[in-house]
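The chain contents come next:
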Amino acid sequence: MKAPALSHHQRFFTATRIPRTNLRSRTATSTSTVRMSLQENAPSIAVVGVTGAVGQEFLSVLSDRGFPYRSIKMLASKRSAGKRLTFEDNEYDVEELTADSFDGVDIALFSAGGSISKKFGPIAVDRGSIVVDNSSAFRMDEDVPLVIPEVNPDAMAHIRLGNGKGALIANPNCSTIICLMAATPLHQRAKNVAVVATSMDVYLLFADCGQVVRMVVSTYQAASGAGAAAMEELELQTREVLEGKQPTCNIFKQQYAFNLFSHNAPVLPNGYNEEEMKLVKETRKIWNDKNVKVTATCIRVPVMRAHAESVNLQFEKPLDEDKAREILKNAPGVVVIDERQSNRFPTPLEVSNKNDVAVGRIRRDVSQDGNYGLDIFVCGDQIRKGAALNAIQIAEMLL
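Residues numbered from 1 in each chain as written. Predicted model: local features only at pLDDT ≥ 70, side-chain atom pairs only at ≥ 80, totals over all residues. Heavy atoms only, no water.

Right, let's talk about the confidence of the model for the protein for a bit. Residues with a pLDDT of 70 or more make up 86% of the protein, whose mean pLDDT is 88. Throughout residues 1-35 the model reports pLDDT below 50, and contacts reaching past four residues in sequence, or to other chains, amount to 106 contacts. Confidence drops under pLDDT 50 across residues 190-200; counting only partners more than four residues distant or on other chains, this segment forms 27 contacts. (pLDDT = per-residue confidence, 0-100. Contact = heavy atoms within 4.5 Å.)

Another point: the sheet that holds strand β18 (residues 373-381). Read from one edge of the open sheet, seven strands run β13-β14-β12-β15-β18-β17-β16, paired in mixed fashion. Both outer strands of the open sheet, β13 (261-262) and β16 (334-336), are each paired with one neighbouring strand and no more. Here helix α4 (residues 174-187) sits on the sheet and contacts β12 (212-221), β15 (306-315), β16, β17 (357-364) and β18; the angle it forms with β15, its principal contact strand, is near 35°. Its contacts with the sheet place helix α7 (residues 321-329) against β16, β17 and β18, and it is angled at close to 170° to β17. (Pairing = 2+ DSSP bridges. Helix = DSSP H or I, 4+ residues; strand = E, 2+ residues; numbered from the N terminus. Axes fitted to C-alpha atoms, helices over the stretch in contact; angles between N-to-C directions.)

Mapping E233 onto the fold places it in helix α5 (residues 228-242). Buried E233, no salt bridge; nearest opposite-charge side chain is K253, N-O distance 7.6 Å. In terms of polar contacts, E233 uses its side chain to reach the backbone amide nitrogen of N250, at 2.9 Å. Once residues within four sequence positions are removed from consideration, E233 is found in contact with T248, C249, N250, I251 and F252. (Buried < 20%, exposed > 50% of the residue type's maximum accessible area, 1.4 Å probe, protein only. Lys, Arg positive; Asp, Glu negative; His and termini not counted. Salt bridge = Lys/Arg side-chain N within 4 Å of Asp/Glu carboxyl O. Polar contact = N/O pair within 3.5 Å; in protein donor to acceptor, adjacent residues only side chain to side chain.)

In this section: the packing of α4 against helix α9 (residues 384-397). The geometry of a pair of packed helices is captured by two quantities: the angle between their axes and the separation between those axes. Where α4 meets α9, the closest approach of the two axes is 8 Å, and the angle between their N-to-C directions is 90°. Relative to α9, the element α4 is oriented roughly perpendicular. Within the contact between the two elements, α4 uses C174, I177 and M181 and α9 uses K385, G386 and N390. (Parallel < 35°, antiparallel > 145°, perpendicular 65-115°, else oblique.)

Right, let's talk about the sheet that holds strand β6 (residues 95-96) for a bit. Pairing in this open sheet of six strands is parallel, and the strands run β6-β3-β2-β7-β8-β9 from one edge to the other. Only two strands of the sheet have a single neighbouring strand rather than two, namely β6 and β9 (167-170). Here four bridges tie strand β7 (residues 107-110) to strand β8 (residues 130-133), and the two strands are oriented parallel to one another. For I107, the partnering residue across the bridge sits in β8 and is I130. Docked against the sheet, helix α2 (residues 53-64) engages β2 (44-48), β3 (71-76) and β7, running at close to 150° with respect to β2. Helix-sheet contacts for α9 involve β7, β8 and β9, and the interaxial angle to β7 is about 165°.

We now examine unusual backbone geometry. Even without a glycine there, the phi angle at E88 is positive, about 50°. Summarising the element assignment, E88 is placed in the loop between β4 (84-87) and β5 (90-93). Within the chain, N288 stands out as a residue other than glycine whose phi angle is a positive 55°. Tracing the sequence through the fold places N288 in the loop between α6 (274-286) and β14 (293-300).

This part is about helix α3 (residues 114-126). Taking 1.5 Å per residue as the helical rise, α3 with its 13 residues ought to reach 18 Å, and the 18 Å between its terminal C-alpha atoms agrees with that figure. Bending of α3 peaks at approximately 35° at the position of F120, with proline P122 no more than four residues after it. Structurally, α3 contributes buried residues whose contacts are with β7, β8 and β9. G128 lies just past α3 and shows a positive phi near 95°. (Expected span 1.5 Å × (residues − 1). Bend = angle between axes of the 7 residues up to and from the residue.)

So, on to the packing of aromatic side chains. As enumerated under the stated definition, the model contains five aromatic pairs in all. Ring centres 5.7 Å apart and planes at 15° place the aromatic pair F102 and F110 in the stacked group. Here the two residues F102 and F110 agree in accessibility, since each one is buried. One aromatic cluster is present, formed by F252, Y256 and F261 through successive ring pairs. Directly above the ring of F345 sits R361, whose terminal nitrogen or CZ lies 5.3 Å from the centroid. (Phe/Tyr/Trp six-rings, centres within 6.5 Å; stacked < 30°, edge-to-face > 60°. Lys NZ or Arg CZ within 6 Å of the ring centre and 35° of its normal.)

On to the state of the cysteines. Here the structure, examined in full by the defined rule, presents zero disulfides. You can see C174 has no disulfide; the closest cysteine sulfur is in C298, sitting 8.9 Å from it. Not part of a disulfide, C179 finds its nearest cysteine sulfur in C298, a span of 9.9 Å. Judged by its relative accessible area of 0%, C179 falls in the buried class. (Disulfide = S-S within 2.5 Å.)

For side chains bearing opposite charge, pairing can occur when the charged atoms are close. Summed over the entire model, instances satisfying the criterion amount to 21 salt bridges. Between R305 and E57 there is a salt bridge, with its nearest N and O atoms 3.3 Å apart. Of the two residues, R305 sits in the loop between β14 and β15 while E57 sits in helix α2, which places them 248 residues apart along the sequence. Neither residue differs from the other here; R305 and E57 are each classed as buried. When the shortest N-O distance is used, the salt bridge between R70 and D106 registers 3.1 Å. Of this pair, R70 sits in the loop between α2 and β3 while D106 sits in the loop between β6 and β7, and the two are 36 residues apart along the sequence. Classification of D106 as partly exposed rests on a relative accessible area of 21%. What emerges from the salt-bridge pattern is a single network uniting E57, D64, R305, D381 and R384.

Right, let's get into the nonpolar core. Membership of the largest hydrophobic core comes to 53 residues, with the highest contact counts inside it found for F102, L186, M215, L313 and I376. Ranked by residue count, the leading element in this core is α4, at eight residues. If we ignore the near neighbours within four places in the chain, the residues touching L313 are A183, L186, V212, R214, M215, Q368, Y372, G373, L374 and I376. (Core = buried A, V, L, I, M, F, W, Y, C linked by side-chain atoms within 4.5 Å.)

And the structure:
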């Protein structure tokens, strides 16, 4: 479902989508969708990179949320072509990805790496498909919306399904999605909030008051961010180290089990690695704020599939921790786990295979005077909300 069109005098607002079911009850997993699945009048879908970790999660989320489709193509490399996959009690042959794969495809979900997206994304668009791309290929293209549905659904309001026109929509990087799911409600806080309801969804329109002026992020990123092979290698290394063997190091070129190290992305001349600069640049684009100051340090940790992030926020106007906690408790797609007495806060294990991003350790930054700074700790499933779920939510907004 699309965000409602904004009138001229509303253009300074930012829209945040809240599923109606979330207003009735909030659970740790926001799987509140009517099951529709296979329908003759539904869009046709293609999943590119279907045999990978995110590709498999695409299928899981499509099924979990009852996403309507009339047909689905399973696309992958020549190496994977011919494999058989079962999806919703039907068997499908994995097809080799070619230029002709997108004939008759309405929505193409891509997660096969940047080079594949750059080659086949524009081809799919030319064939009339709307491409939701999980790679970094198009994220910083000024003509391609970079979307987190709970944060900036209005960025893709001009894209419509069924008019024969293809389009590209970019999925942000996983660490950016998880961070901004928690940081954005605090950034967008406003005294006056307009509510616009549609038949299926509710959007909150926040006055764009630019509350966050500086954000410092440290990430603790799971193996899943490097793909299924990295997850398998972490499991293998763990067994090898416990058995006293030399660990197999094919993916990261160093021991990963019982270790942590700077993110394996290439290091740039400014000393930041590419992963860190993605968080900087993508935050500015999603928030539509070139002036917000963002810095990041990204670390790879031996966790299987959920990222954790320590986030320090500096505000233009004071925000006390109690108000921040209240805002986060009411934010769509966010669950607060902040129990100081029992020392219970978010963990990667607790959010694995869950839809919501968990936030805790909500406290005033004592290094700043007054209530101008806040520290929070965020955990989210990298494969799910950090990739597949976000892409499916984007596709749902096209329906």
